[in-house]
Amino acid sequence: MRMGKTAVISGASSGIGRAVCEALLRQGYDVVGLARDFAKFPCRHPQFTAHSVDLSALVSLPARLKRVAETCADAEALICCAGRGQFGHLEEFSYEQIRELIDLNFTAQAYLARTFLPHMKRAGRGDLVFMGSEAGLRGSRRGSVYCASKFALRGFAQALREECAASGIRVTIINPGMVLTPFFDDLDFGPGPEPANYVLPEDIADLVTSILSTRSGTVFDEVDVSPLKRVVDFRKKRGKE
Ligand SMILES: NC(=O)c1ccc[n+]([C@@H]2O[C@H](COP(=O)([O-])OP(=O)(O)OC[C@H]3O[C@@H](n4cnc5c(N)ncnc54)[C@H](OP(=O)(O)O)[C@@H]3O)[C@@H](O)[C@H]2O)c1
């Protein structure tokens, strides 16, 4: 059942973004997914369009996003889920790695909003939903660069929320704790094994569908979501088990 609304989702090939795609497709949205590798999510749904975009290629990104936007200028929702985790003491990062993480987790998301916002403003409505993190709420050991990227995203979302309200556009940032996704595959920690140690990507997707379906006069400014128990598994690189 087509509902006649289009949502653009970054990070659509995996984890939270993929779950959001699936939930919105179930609701009848036309979904435009952005990621580098859709072999991970070979979705054949007739209302799904995949665009292969490397969000870390900042120089060519504005032109690439403009071409995507021309195919879906009527998009009513932009859900920014792309991002990655990299953790360690600051001196373990090269200068280039610091820039790359900020480029992807913050600057590319700002470019996405910059691309779609003018279309939404012309339409007088729209939703921007950013995937922040609990790392954007409080700095933590080994998280200096990741936390900085998520603090930046949170400040950006808060400012846009004020800036865009008069144009009928709602801005939300979701700050999850540990969500059970491939995010942890190359990290040396992850959520503990019990279901109470993690949030499921489908839980975040349910939250996104609620945010989008709430009446237009109400805004979820910021939503913190965390597992009931914060048990962290520090054992090994989980993808290598
Ligand atoms: N999992 C958690 O515990 C957790 C907690 C708090 C916040 N978050 C945030 O939630 C977001 C989604 O994470 P996730 O858990 O769903 O992780 P995930 O399963 O690893 O998914 C990450 C997504 O980002 C995309 N991506 C990564 N680099 C990209 C690039 N250069 N260009 C385009 N797309 C790129 C990936 O697609 P390709 O690899 O196909 O490009 C993938 O679709 C991230 O912003 C993360 O910081 C996650």
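Since the model is a prediction, treat every value here as computed from it, not as a measurement.

1. Quick word on the overall build of the protein chain
Line of reasoning, step 1. Within the protein chain, the secondary structure is distributed over five helices and nine strands.
Line of reasoning, step 2. Across the protein chain, helices and strands are ordered from the amino to the carboxyl terminus as β-α-β-β-α-β-α-β-α-β-β-α-β-β.
Line of reasoning, step 3. Since a compact globule built from 241 residues should have a radius of gyration of about 18 Å, the 17 Å found for the protein chain is in line with a globular shape.
Line of reasoning, step 4. Judged by the C-alpha coordinates and their principal axes, the protein chain covers about 50 × 35 × 35 Å.

2. Description of the pairing of strand β2 (residues 30–35)
Line of reasoning, step 1. The element β2 is largely enclosed, with a buried count of six among its six residues.
Line of reasoning, step 2. Of the two faces of β2, the one holding D30, V32 and L34 and the one holding V31, G33 and A35 are both buried throughout.
Line of reasoning, step 3. Where strand β1 (residues 6–10) and β2 come together, five bridges link them in parallel fashion. Looking at the pairing, I9 lines up with G33 of β2.
Line of reasoning, step 4. For the handedness criterion, the β-α-β arrangement of β1, helix α1 (residues 15–26) and β2 is classed as right-handed.
Line of reasoning, step 5. Pairing of β2 with strand β3 (residues 48–52), which is carried by five bridges, proceeds in the parallel orientation. Opposite A35, over in β3, you have S52 as the bridge partner.

3. A closer look at the sheet that holds strand β4 (residues 77–80)
Line of reasoning, step 1. In spatial order, the strands read β3-β2-β1-β4-β5-β6-β8; together these seven strands make up an open sheet with parallel pairing. Because the sheet does not close on itself, it has two edges, and the strands there are β3 and β8 (222–225). On average, each strand axis in the sheet is tilted by 15 degrees relative to the strand beside it, whichever way the strands run.
Line of reasoning, step 2. Of the pairings in the sheet, the one linking β4 to strand β5 (residues 126–131) comprises four bridges and is parallel in character.

4. With respect to helix α3 (residues 95–123)
Line of reasoning, step 1. For α3, with 29 residues, the first-to-last C-alpha span of 41 Å sits near the 42 Å given by 1.5 Å per residue.
Line of reasoning, step 2. The axis of α3 is deflected most strongly, by about 45 degrees, at D103.
Line of reasoning, step 3. In the core, the buried residues of α3 are packed alongside β1, α2 (61–71), β4, β5, α4 (144–164) and β6 (169–176).
Line of reasoning, step 4. Once α3 ends, the next one or two residues include G124, with phi positive near 75 degrees.

Quick notes on the rules
Residues numbered from 1 in each chain as written. Predicted model: local features only at pLDDT ≥ 70, side-chain atom pairs only at ≥ 80, totals over all residues. Helix = DSSP H or I, 4+ residues; strand = E, 2+ residues; numbered from the N terminus. Rg over C-alpha atoms; globule rule 2.2 N^0.38 Å. Buried ≥ 20, exposed ≤ 12 C-beta atoms within 10 Å, placed from the backbone. Pairing = 2+ DSSP bridges. Right-handed = clockwise from strand over helix to strand, strands pointing away. Axes fitted to C-alpha atoms, helices over the stretch in contact; angles between N-to-C directions. Expected span 1.5 Å × (residues − 1). Bend = angle between axes of the 7 residues up to and from the residue. Contact = placed C-beta atoms within 7 Å.

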